[in-house]
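Structure at a glance
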Amino acid sequence: MELEFIGLTKSYKKKMALDHVSAVLDSGVYGLLGANGAGKTTLINIFVGILKGDSGKILVDGEDAAKLGKEFLSKIGYMPQYPVFYKDFTVLDFMLYMCALKGISKREGRERTMELLEIVNLADAVGKKIGALSGGMRQRVGIAQAMLGNPEILILDEPTAGLDPQERIRFRNLISRFSQDRIVLLATHIVSDVEFIANEVLLLKEGKLIRKNTPEALEHEIDGKVWSLRLPGNEELSDYEDCLISNVRRIEEGIDVRILSEEVLGRGAVRVKPGLEDVFLYYFGKGEVV
Amino acid sequence: MFRYEMKKLFWKKSLLLILLLFTVIDVAKVRQEYHSTTYLTDDRAEGMMSWKEAFWKLYGQYGGRLTEKKMNAFLKQYQPLQEETADMTASSIADDPQYMTGSAWQDFNLMEKYYEMPMKYFYLYGKNAEKAAKKAKENISFYQEHGNSYEGKKNAVIYHLYQGREIRDFSYMEMIHYYLYYDFSSVLIFLLCIYGIVRVFACEREAQMEELTVVSVNGGRRLVRHKILAVALYTVLISLWFGLVDFFSFAWFYQSLEGMGMPIYAVENFACASVGCSIWQYVMLSFAARTLGFLVFGMFFLLLSECCKNALMPFVLSVMASIASIFIGDYFANSSHILCKVLNPYFLVTNRMLFGRTEFVDVFGAPVLSYEMALAVGIFLCLSLVFAVALLSRKNVMVTVKRCVNCEDF
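Worth saying up front: this structure is predicted, and the values here are computed from it rather than measured. (Residues numbered from 1 in each chain as written. Chains lettered and ligands numbered in written order. Predicted model: local features only at pLDDT ≥ 70, side-chain atom pairs only at ≥ 80, totals over all residues. Heavy atoms only, no water.)

Take the overall build of chain A next. Counting secondary structure elements, chain A contains eleven helices and 14 strands. With the principal axes as the frame, chain A shows a C-alpha extent of 70 × 45 × 35 Å. Burial status across chain A gives 57% buried among its 290 residues. Excluding contacts between residues fewer than 6 apart, the proportion of contacts in chain A whose partners are at least 24 apart in sequence is 69%. (Helix = DSSP H or I, 4+ residues; strand = E, 2+ residues; numbered from the N terminus. Buried < 20%, exposed > 50% of the residue type's maximum accessible area, 1.4 Å probe, protein only. Contact = heavy atoms within 4.5 Å.)

A cluster of basic residues, Lys70(A), Arg221(B), Arg222(B) and Arg225(B), forms a positive patch at the surface. If one sorts the elements of the positive patch by residue count, helix α11 (residues 221–254) of chain B sits on top with three residues. Inspection of the secondary structure puts Arg225(B) in helix α11. On the basis of relative accessible area, Arg225(B) is assigned to the exposed category, the value being 51%. (Patch = residues over 30% accessible without salt bridge, like charges linked within 9 Å, V, L, I, M, F, W, Y side chains within 5 Å. Areas by Shrake-Rupley, 256 points an atom, 1.4 Å probe, with all protein chains shown as cover. Salt bridge = Lys/Arg side-chain N within 4 Å of Asp/Glu carboxyl O. Lys, Arg positive; Asp, Glu negative; His and termini not counted. Charge placed at Lys NZ, Arg CZ, Asp CG, Glu CD.)

Attention now moves to the packing of aromatic side chains. Within the structure shown, the criterion is met by 51 aromatic pairs over all chains. Taking the centre distance of 5.5 Å and the plane angle of 90 degrees together, the rings of Phe47(A) and Phe72(A) count as edge-to-face. On the criterion of sequence distance, the pair formed by Phe47(A) in helix α1 (residues 40–48) and Phe72(A) in helix α3 (residues 70–73) is long-range, its members being 25 residues apart. Judged by relative accessible area, which is 0%, Phe47(A) ranks as buried. A ring pair is formed by Phe190(B) and Phe294(B), whose centres lie 5.2 Å apart and whose planes are at 75 degrees; its orientation type is edge-to-face. (Phe/Tyr/Trp six-rings, centres within 6.5 Å; stacked < 30°, edge-to-face > 60°.)

This brings us to the pairing of strand β6 (residues 76–79) of chain A. All names here are of chain A. Taking every second residue as pointing to the same face, both faces of β6 are buried, with Ile76 and Tyr78 on one and Gly77 and Met79 on the other. One ladder, built from four bridges, connects β6 with strand β7 (residues 153–157); its direction is parallel. Within the sheet, the bridge partner assigned to Met79 lies in β7 and is Leu156. (Pairing = 2+ DSSP bridges.)

Counting residues at the interface gives 46 residues for chain A, matched by 34 residues for chain B. Together, the buried faces of chain A and chain B total about 3,400 Å²; carbon and sulfur atoms form 64% of this surface. The largest per-residue losses of area from chain A upon contact with chain B belong to Ile50(A), Leu73(A) and Leu101(A), which jointly make up 17% of the total buried on that side. A salt bridge links Lys7(B) to Asp93(A), with the nearest nitrogen and oxygen atoms 2.1 Å apart. (Buried area = accessible area lost by both parts, 1.4 Å probe.)

Turning our attention to the domain arrangement of chain A. Annotation of chain A at the domain level lists domain 1 (3–219) and domain 2 (224–272). For domain 1 of chain A and domain 2 of chain A, the distance between their C-alpha centroids amounts to 38 Å. (Domains from an automatic or database assignment.)

Moving on to the pattern of salt bridges. Residue and element names in this part refer to chain B. Within the structure shown, the criterion is met by 28 salt bridges over all chains. In this structure, Lys227 and Glu5 form a salt bridge, with 2.9 Å as the shortest nitrogen-oxygen distance. A residue pair is termed long-range when its members are at least 10 positions apart, and Lys227 in helix α11 and Glu5 in helix α1 (residues 2–10) qualify at 222 residues. Each member of the pair Lys227 and Glu5 is classed as buried. Several salt bridges converge on common partners, so that one network encompasses Glu5, Lys8, Glu204 and Lys227.

If you look at the biggest cluster of nonpolar residues, it comprises 103 residues, and the most contacted ones within it are Phe5(A), Phe94(A) and Tyr97(A). Take this core: its biggest share by element is ten residues, from helix α4 (residues 91–101) of chain A. Once residues within four sequence positions are removed from consideration, Phe5(A) is found in contact with Val21(A), Ser22(A), Ala23(A), Leu25(A), Leu43(A), Phe47(A), Lys57(A), Ile58(A) and Leu185(A). Formed by 80 residues, the second largest nonpolar core is a distinct cluster that contains Met71(B), Tyr179(B), Tyr182(B) and Ala333(B). (Core = buried A, V, L, I, M, F, W, Y, C linked by side-chain atoms within 4.5 Å.)

A few words on the confidence of the model for chain B. Residue and element names in this part refer to chain B. Summary statistics for chain B give a mean pLDDT of 89 and a share of 97% for residues scoring 70 or more. Residue range residues 405–410 is modelled with pLDDT below 50. Its contacts to residues more than four positions away, or to other chains, number 17 contacts. Scored as a whole, the predicted complex attains pTM 0.85, and scored at its interfaces, ipTM 0.81. (pLDDT = per-residue confidence, 0-100.)

Positive phi is not limited to glycine here, since Asn121(A) has a value of about 60 degrees. Position of Asn121(A) relative to the elements: it lies in the loop between α5 (106–119) and α6 (135–146). Under the relative-accessibility criterion, Asn121(A) is labelled exposed at 52%. The phi dihedral of Gln255(B) falls on the positive side, at around 50 degrees, and the residue is not glycine. Residue placement: Gln255(B) occurs in the loop between α11 and α12 (279–307).

Turning to the packing of helix α2 (residues 13–37) of chain B against α11(B), a few remarks are in order. All names here are of chain B. Taken N-terminus to C-terminus, the directions of α2 and α11 make an angle of 35 degrees; their axes are 9 Å apart at the nearest point. Seen from above, α2 lies across α11 with right-handed handedness. Residues Leu15, Leu19, Phe22, Thr23, Asp26, Val27, Val30, Arg31, Glu33, Tyr34 and Thr37 of α2 lie in contact with α11, whose contacting residues are Tyr234, Ile238, Trp241, Phe242, Val245, Asp246, Ser249, Phe250, Phe253 and Tyr254. A per-class count over the contact of α2 with α11 returns 14 nonpolar, three polar and four charged. (Axes fitted to C-alpha atoms, helices over the stretch in contact; angles between N-to-C directions. Left-handed = near helix turned anticlockwise from the far one by under 90°. Nonpolar A, V, L, I, M, F, W, Y, C, P; charged D, E, K, R; others polar.)

All names here are of chain A. Within the open sheet, the six strands sit side by side as β6-β7-β8-β3-β9-β10. Their pairing is mixed. Since the sheet does not close on itself, it has two edges, and those belong to β6 and β10 (208–213), each with one partner. Here the average twist between neighbouring strands, direction ignored, is 15 degrees. Set on the sheet, α1 makes contact with β3 (28–33), β6, β7, β8 (183–188) and β9 (200–205); between it and β7 the angle comes to about 145 degrees. Of the strands in this sheet, β6 and β7 are in contact with α6, which crosses β6 at around 165 degrees.

Two elements, strand β1 (residues 3–12) of chain A and strand β4 (residues 55–60) of chain A, share five bridges in a ladder whose sense is antiparallel. Counterpart to Ile6(A) in the pairing with β4(A) is Lys57(A).

The strands that make up a sheet pair up through hydrogen bonds in the backbone, lying either parallel or antiparallel. Residues and elements named next belong to chain A. Pairing within the open sheet is antiparallel, and its four strands lie in the order β12-β13-β11-β14. The open sheet is flanked by β12 (244–251) and β14 (270–271), the only strands paired with a single partner. Pairing geometry for β12 and strand β13 (residues 254–260), over seven bridges, is antiparallel. Along β13, the bridge assignment pairs Ile245 with Ile259. Contacting β11 (226–231), β12 and β13, helix α11 (residues 276–284) crosses the sheet at an angle of about 130 degrees to β12.

So this is what it looks like as structure tokens:
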């Protein structure tokens, strides 16, 4: 399966929400990373057909998605941002309802539902009302329903928003598990969501796709620009206010600071290996669009 | 999928509780209606008959086919009482065993209200209807001579409606009269329709389900179709439920189903009815018209639900629209502005104003009975609203675009 975005553009009045975004995606997990308002949800909404783009095309295995119609929808599993679902429905009823919406037969739907609920560890909550589920459990119902039709493309919009660390890790593992032989597009502004599981990261800034690469390659791009130094106190920190400070940790001897800088920093500064968070800060901190 | 849409509408604790509460309120209201309207109570003087007993005793004698023999027998019993009470000196104390209820006054009042007056109406109705038909026939020739074809056609309809009308049987009509004039349950249906329907689309939006459904294969037009059908069925079922509750409550409290086979014009306020069916048939027809009226309102509420972002706004707008429709309806109820009646679906809900009178609407020179026009307008409004809901519902761009041939960009 190959997915191609060609010049996707969308503007709201004078604001350019998406500016000629083009990319090719193969099987694997793609982290769509960007600050709030960068255009992640707009891109996803155009992709799944919720929103009409101003121009551009989406090709699925070389075929125009717009011409595929419902066939295209059957290839997609989608989990929207902040899903609430129907509070009065039990988990099972909700899943069966989603099966009906996806055109899955009752028998097949029930089997697939039970299988998925087992995977997402909600088999015991089958009879529970959705309104009684925790945020994490609801998100797991969300990904389970997205996987119902065994889709070739899985779209997850901010799936870990509001989850505690344990649930976030659990969810991340689920995404990895579901990513085999399919394209997973994971939109988030939480770097750690994609750091460990994404094969490639798409960086969106002000509607433009500014980078698309593996996490390692993106980290490699800013090699030598991440510094660590120890300062005696807060006063000295003000000397670096023009730099991008990615982390400040207070210790007994003073403070440990992690700084992003194009220039070589003074004495005591040590170059360190960049992480994806540094990459995020590098592009979305004060940096300009490349 | 339809099952789930119905479940979303009905399977709510709050709705079921409200339905139960409204049913109890409705039954209580019918009970109150019964106690405040009927004279046929069980109150009695010691050793005497109650009005109820006395009425049903007489009914055995005078109920059924109105014959000369029965009328004479009735007059023989009634006239002495009339004479006895004419000078207003008869005792009103209920202690005289020669009278059924214990006093001449009470016997006279009972027989006058429940026998003499309706019997007179039944007896004279045929003659009056014949007069109306005869006059209409004269009018046909008159208007044809003067080249007024519209009035000619109108009188032809009147002639066919009234010709041959007569009431042959005497029947107890009290329950039917009050049943046909009972509107309280319509208010309850309005409230239940508003409560159930305004949430249909608004709640999908609030639960972020709209985005999810629109991305599903069957989540577009098909889902909207199921939602419309579910709303229609919800409205019909609510309307049917209260229709049954009303009917059986009246039957229970008045303890009678007498008169259901009588013609509708046997009810005094339906003397000029534009339909000539039996009361049974009228009850069905009225139910159908009422349900159509609620369907129009229901689809309107659904459209509001479609257009508003949350459930509060369509709720407020629906309540306001219903109140406005009711007030306008009441204002024009007894007026000659027939168009105001046929265009307002409220008149389908309380349809006795349409069926109880012979009124016409001029449709391109053809006289159309107001109820026919109101039904046609109701069906048109309902279908238009369904169309608007389907048109305005959110669709998937990908699916919509596929329908557009040679579409390069989307």
